[in-house]
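# Close look at the chain arrangement
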Amino acid sequence: MVFESRLLLLMLPVLITGRTNGLVDGHKMTATLITNHNYPVEEHTVNTSDDYILTIYRIPTSPKRKQMNQTGERLVVFLQHGILCASDDWIINGPETSLAYMFADAGYDVWLGNARGNTYSRQHKHIHPDSSDFWHFSWHEIGVYDLAAMLDYALAVSRSNSLHFVAHSQGTTTFFVLMSSLPLYNVKVRSVHLLAPIAYMRKHSFILSKLGGLFLGSPSFLSWVLGGMELLPITRVQKLMCENVCSEASMLKFLCSGLLEFIGGWGTQHLNKTLLTDVCVTHPAGASTSQIIHYLQLYTSGDFRQYDHGRERNELIYKRATPPPYNMLNIESCVDLYYSDNDYMSAVEDVEYLASLLPCAELYRIPYTDWNHYDFLWSNNVKEVLNNRIIHKVLRYDELI
């Protein structure tokens, strides 16, 4: 494991600096993968109130089943990805196992979100993504602008009043941001299923967070310089590595699985390694450095609060010296939290503390001690361990079983 860790640390700068070799133009896989599995797919454009342009996807029906509720209205599910990820997360595991296809097969109108700055949402009405101004956002803005706009759009197109919401990692953070900041959105969700939820990070154990927190966990000249930059877009260097390192026949593919374990939790026996090439081709999908810095601030402060710009700017923005905490009591929706022992990003103690603050929460701890952060998406047994449970709860909520 020590040898793998050293190799992975050497690979990280290559991925980060791959930007100089050019972005992979038009590298959008979601629609292609869905079509290849004979499911219908629609691409939609969503404009946020601060003028970002997002691309989201819809699987309106399934070739296997078309189920309506008693009024003829199609019930809606919205899936939101984590940091440095995209809508591809929910379909890579194939039609028999991926949650998006499973919901479509159960008769739901399925929507796949994409946050600003990732592969599918690198547009703005007035600002080019090559400009630093484009990247001055954190997951706070993704919550109050992107997620709000995407949910409103999906409901309007589907002609529904409410939807079921599923998210992983940062997608869960943006849910807490939206529902606590704009509580009127609580009535728009029917049931909520949050995988590897992240809000409080007091027991967070990722080694790079511990190191990063020392330098970027509080406002400083360094955090000011590094904030608002593009982080880890898909590049030609990455594409080349995927084809030669992460392919099924490669002798070095252990580096690809090792990278996921390094970030998400060592020692998992559940990762579906046949997916490594597809995961590598679509991840990391890009983000702003401010998203990472905001998480490091949570780790350092031990609180779940808005972005810390430093005392002077905080006084201008928040009218107070420190950033305000998110009011978890505003989250009126009943929330299901799914968590695991071997998740470096979402510690057991942090999730259980979060649940104690929410007005209505139900915990489900994965019954495998080696289950890590990415097993929630790409494990061999994710259907049996997790997805069937979520589908069953949603169907039971809608009184379809």
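What comes next concerns the included structure. (Residues numbered from 1 in each chain as written. Predicted model: local features only at pLDDT ≥ 70, side-chain atom pairs only at ≥ 80, totals over all residues. Heavy atoms only, no water.)

What follows concerns the overall build of the chain. Helix and strand content of the chain: 15 helices and 11 strands. In terms of overall size, the chain behaves like a compact globule, its C-alpha atoms giving a radius of gyration of 20 Å where 401 residues would be expected to give roughly 21 Å. For the chain, the spread of C-alpha atoms along the principal axes amounts to about 60 × 55 × 45 Å. Per-residue burial for the chain yields a buried fraction of 61% across its 401 residues. Long-range pairs, those at least 24 residues apart, make up 77% of the contacts in the chain with a sequence separation of at least 6. Accessible surface computed for the chain: about 16,600 Å², of which carbon and sulfur atoms make up 55%. Both charge centroids of the chain, one from 31 positive and one from 39 negative side chains, sit 1 Å from each other. (Helix = DSSP H or I, 4+ residues; strand = E, 2+ residues; numbered from the N terminus. Rg over C-alpha atoms; globule rule 2.2 N^0.38 Å. Buried < 20%, exposed > 50% of the residue type's maximum accessible area, 1.4 Å probe, protein only. Contact = heavy atoms within 4.5 Å. Areas by Shrake-Rupley, 256 points an atom, 1.4 Å probe, with all protein chains shown as cover. Lys, Arg positive; Asp, Glu negative; His and termini not counted. Charge placed at Lys NZ, Arg CZ, Asp CG, Glu CD.)

This paragraph deals with unusual backbone geometry. Following histidine 283, the chain continues to proline 284 via a peptide bond in cis, the omega torsion being -5 degrees. Among the structural elements, proline 284 can be located in the loop between α10 (276-282) and β9 (287-288). Positive phi outside glycine occurs at alanine 196, with the angle close to 50 degrees. At glutamate 399, a position not held by glycine, the phi torsion is positive, near 55 degrees. The topology assignment puts glutamate 399 in the segment after α15 (382-397).

Attention now moves to the pairing of strand β7 (residues 189-195). For a regular strand, side-chain orientation follows a simple rule: the groups alternate between the two sheet faces. Of all 7 residues in β7, 6 are buried, a share of seventy percent or more. As defined by bridge partners, strand β6 (residues 163-168) adjoins β7 across 5 bridges and the pair is classed as parallel. Across the sheet, the residue bridging to leucine 163 is valine 189, located in β7. Remark: the β6/helix α5 (residues 170-181)/β7 crossover connection has right-handed handedness. Across 4 bridges, the pairing between β7 and strand β10 (residues 335-339) is parallel. Note that in β10 the partner of leucine 195 across the bridge is tyrosine 338. (Pairing = 2+ DSSP bridges. Right-handed = clockwise from strand over helix to strand, strands pointing away.)

What follows concerns the state of the cysteines. This model, assessed by the stated rule, comprises 3 disulfides. Between cysteine 242 and cysteine 280 runs a disulfide, and the two sulfur atoms are separated by 2.0 Å. On the S-S bond that ties cysteine 242 to cysteine 280, the torsion sits near -85 degrees, and the link is left-handed. With cysteine 242 in helix α8 (residues 236-245) and cysteine 280 in helix α10, the pair connects residues that are 38 residues apart, well separated along the chain. (Disulfide = S-S within 2.5 Å.)

So, about the layout of surface pockets. There is about 550 Å³ of room inside the second largest pocket. Surrounding the second largest pocket, 20 residues form its lining, His136, Ser290, Tyr307, His309 and Arg313 being those nearest its centre. Listed by contribution, the elements that provide at least two residues to the lining of the second largest pocket are α4 (139-158), α7 (221-226) and α12 (311-318). For the lining of the second largest pocket, the residue count by class is 8 nonpolar, 9 polar and 3 charged. (1 Å grid on protein atoms, 1.4 Å probe; cavity = no way out; pocket = protein on both sides within 12 Å on 5 of 7 lines; lining within 4 Å. Points joined across faces, edges and corners; volume = space filled by probe spheres on them. Nonpolar A, V, L, I, M, F, W, Y, C, P; charged D, E, K, R; others polar.)

Keep in mind that these numbers describe shape and distance, not what the molecule does.
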